[in-house]
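As a plain string of letters, each chain reads:
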Amino acid sequence: MRRMLVVVLLAGALMGWPGTAGAAVAHVRVTGGVSYGATLAVGQFAADVQRQGMQVDVYPSGGLSAGWAFSGYETDFAVTRRQLDFRSDSRPYAYVPLFGGGTALPYRLTIGDHQVRDLRLSGSTIARIFTNQITDWSDPAITADNNGRRFPPLPIIPVVHADNTDESVQLSAYLADRFPQIWGPFNNGSATATGNFPQQGAAVALWPGQLRDFLSQAANNGAIAYDGYASALEANLPVAKVRNEAGYFTLPTDFNVSVALQRARFDTDPGSASHLMQRLEDVYTNPDRRAYPLSSYTYAVLPTGTVPYDRQTTTQQRQTLADFVDHAICRGQASLGVQGYAPLPTNLVQAGYAQLRRLAAADPAVSVPVGHPERCGNPAYSAAGPDVNRLVEVGPMPSRCDQDGSGPCLVGPFPPPAVPLSIGNDTEPYPGAASLRVAGGTAVHLTQVDPASAAGHPAQATDPTGHRHAWVFAGSLGGVAVDDSRPGMPGWTLVGQATDFVNGATAVPARNLGWTPALVGPGSDAEGSPTAGPPVTPALGQASSTGLAEPGTVLAAAPPGSGLGVQRVAADLALWMPDTSAKGTYTATLTLTLISA
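The model shown is predicted, which means the values in this text are computed figures rather than measured ones. (Residues numbered from 1 in each chain as written. Predicted model: local features only at pLDDT ≥ 70, side-chain atom pairs only at ≥ 80, totals over all residues. Heavy atoms only, no water.)

*Asks:* Give a description of the packing of aromatic side chains that names residues and reports values.
*Replies:* Applying the stated criterion to the full structure yields 14 aromatic pairs. Consider the rings of Trp 183 and Phe 197, whose centres lie 5.1 Å apart with planes at 50 degrees: the pair is tilted. You can see Trp 183 sitting in helix α7 (residues 180-186) and its partner Phe 197 sitting in the loop between α7 and β10 (204-206), a full 14 residues away along the chain. Here Trp 183 falls in the buried class, since its relative accessible area comes to 0%. Classification of Phe 197 by relative accessible area gives buried; the value is 5%. Measuring from ring centre to ring centre gives 5.5 Å for Phe 197 and Tyr 226, while their planes differ by 40 degrees; the resulting arrangement is tilted. (Phe/Tyr/Trp six-rings, centres within 6.5 Å; stacked < 30°, edge-to-face > 60°. Helix = DSSP H or I, 4+ residues; strand = E, 2+ residues; numbered from the N terminus. Buried < 20%, exposed > 50% of the residue type's maximum accessible area, 1.4 Å probe, protein only.)

Right under this line is the structure:
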């Protein structure tokens, strides 16, 4: 049982921020209404820039209300996945792409004591579920999508959004384009997208913030909803694999979303109010077998009115917005995959900086950072050119069992088939299994501790003179869980080992990487007394330490009599690097191994 994580170190203080070193205009507090599905990413961007002295307040809302608050000068910016429907002359604006993402279909489907986590649905089945034409999980269409695997009779509870949301727009746009004969009659005879998803039949209407609790309650078994993949991932909710044009069922990982969005089309007229706004019809039918059909981009909406016209937006606000979005489309891209989003390809990063320059055109006192995508640590960046997406180049192909007519790729254990037979049990008791789960796209981005502080530039423990010092980098490992279904609870140990960090010809030994493991409570239900591994100090901080260079370094363990269920684990990582190291991006690989007792 082995999963590998790619740990990316970006030596920020060694390289310098890719944008401006510091704006001449002071920063001030800015506020923005943010589409529900984008809140996790934009909230992280805001937390990042707070360390640079910027205060960016984020208010989750439906994309429509975020747009209207912006148009009415109630907020300084908006974040949305849809085209705004107010006149651009009410408040001139520009779209700046921020990141990609998938509209996921989280669900609760429990059979006996087993929670189904491997559901497959085709587009037509999704359309018929959310228009109340399929009302039971035993429906033949669902059985066909799952290659003959029939679920027991259980009513379906479709969950739609009570608010006018971007997620409703994205799902209904897909249904209107691909299945107008199903969607149109349901949507009052109109085969068009809508932010107000009709609530009919057994459907339940909830605010997006209520979805997690609703799907976690046993009383709502049979429910299926739609939401941003990041939200479902954070709540550890299973999401359905969706059939794509190539006949494969895929999840909305950063790889699959990036592949799908290769077919997105954009408004290329710089003079248009909708410049860079997406058209997704070709995304729905992307023939790549990795593509996730329900993929789209999220945009920041920035004010571009001239100073005499837009008197409510000050130079300080424009400067703060310019520097905030600079971080979002540069440094902020590095950790998006871990959260459940997809980073921008380089050509859209460049297009985003071109849009940012419109802030300076509106107010010449604003200094817009110069974009350097090659320095951002964006996993999508490729030296082959701005039109090449690295995630598309390296994205894994789906398994054969994810192909229509094969599989499905099951996540066990499973109850026996619901067939009325009398059998004699001649088998041994169920042994169960232990497995290591790692969230798709998991990576760790280590950032430099302030080199001007004592903590960021300590003396090397390996130098008795105290003359030699080190740079310190820190990051957090998450998205890792052990799932043990063995009733006998023999126990398990999760260990890790890292390779050296490499930047061209320069290498930093893995012994200089340490961690402080921790158990994560939310989403964990393991029985007994699992424990986190002991802290490991980098060798430059403790001369006798071997860091994470040796095999068998314990991240977490469950002794015999413990561990049945799911245990999520995390770790704070610390890398000490000699302060004479060459600047640049250093990469290493951390291998996690689950040892089953």
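*Asks:* I'd like a rundown of the pairing of strand β5 (residues 93-104), residues and numbers included.
*Replies:* Counting buried residues in β5 gives 12 out of 12 residues, a clear majority hidden from the surface. Relative to strand β17 (residues 295-303), β5 runs antiparallel, the two sharing 9 bridges. Each residue of the ladder has a partner; that of Pro 97, found in β17, is Tyr 299. (Pairing = 2+ DSSP bridges.)

*Asks:* So what's going on with the state of the cysteines? Residues and values would help.
*Replies:* By the definition in use, this model includes 2 disulfides. A disulfide bridge connects Cys 330 with Cys 376, and the sulfur atoms are separated by 2.0 Å. Disulfide Cys 330 to Cys 376: torsion about the S-S bond roughly -100 degrees, handedness left-handed. Placement of the pair is Cys 330 in the loop between α12 (315-329) and α13 (336-339) and Cys 376 in the loop between α14 (346-362) and α15 (390-394), with a sequence separation of 46 residues. Residues Cys 330 and Cys 376 agree in their burial class; the two are buried. The disulfide bridge from Cys 401 ends at Cys 409, spanning 1.8 Å between sulfur atoms. Judged by the sign of its S-S torsion, about 100 degrees, the cystine formed by Cys 401 and Cys 409 is right-handed. Each disulfide in the chain links cysteines that, numbered along the sequence, combine into the pattern 1-2, 3-4. (Disulfide = S-S within 2.5 Å.)

*Asks:* Outline α12, supporting the account with residue identities and numerical values.
*Replies:* Given a rise of 1.5 Å per residue, 15 residues ought to cover 21 Å, and the 21 Å separating the end C-alpha atoms of α12 matches this to within 8%. When you tally the buried positions in α12, you get 13 out of 15 residues, the bulk of the element. (Expected span 1.5 Å × (residues − 1).)

*Asks:* Tell me about the confidence of the model for the chain, and please be specific about residues and values.
*Replies:* Residue-level pLDDT values for the chain average 90, and 92% of them are 70 or greater. A low-confidence stretch, residues 1-23 (pLDDT under 50), is modelled with 92 contacts involving residues beyond four sequence positions or located in other chains. (pLDDT = per-residue confidence, 0-100. Contact = heavy atoms within 4.5 Å.)

*Asks:* So what's going on with the sheet that holds strand β2 (residues 30-35)? Residues and values would help.
*Replies:* Ordered in space as β3-β2-β4-β17-β5-β12, the 6 strands form an open sheet in which the pairing is mixed. Where the open sheet ends on each side, the last strands, each with one partner, are β3 (56-61) and β12 (227-228). Relative to β3, β2 runs parallel, the two being bridged by 6 bridges. Each residue of the ladder has a partner; that of Gly 32, found in β3, is Val 58.

*Asks:* Pulling in residues and values, what's your account of the nonpolar core?
*Replies:* Counting residues in each nonpolar core, the largest one holds 93 residues, and the members touching the most others are Phe 130 and Phe 324. Residue contacts for Phe 130: discarding those within four places in its chain leaves Leu 105, Pro 158, Val 159, Val 160, Leu 171, Phe 186, Phe 197, Ile 224, Ala 225 and Tyr 226. (Core = buried A, V, L, I, M, F, W, Y, C linked by side-chain atoms within 4.5 Å.)

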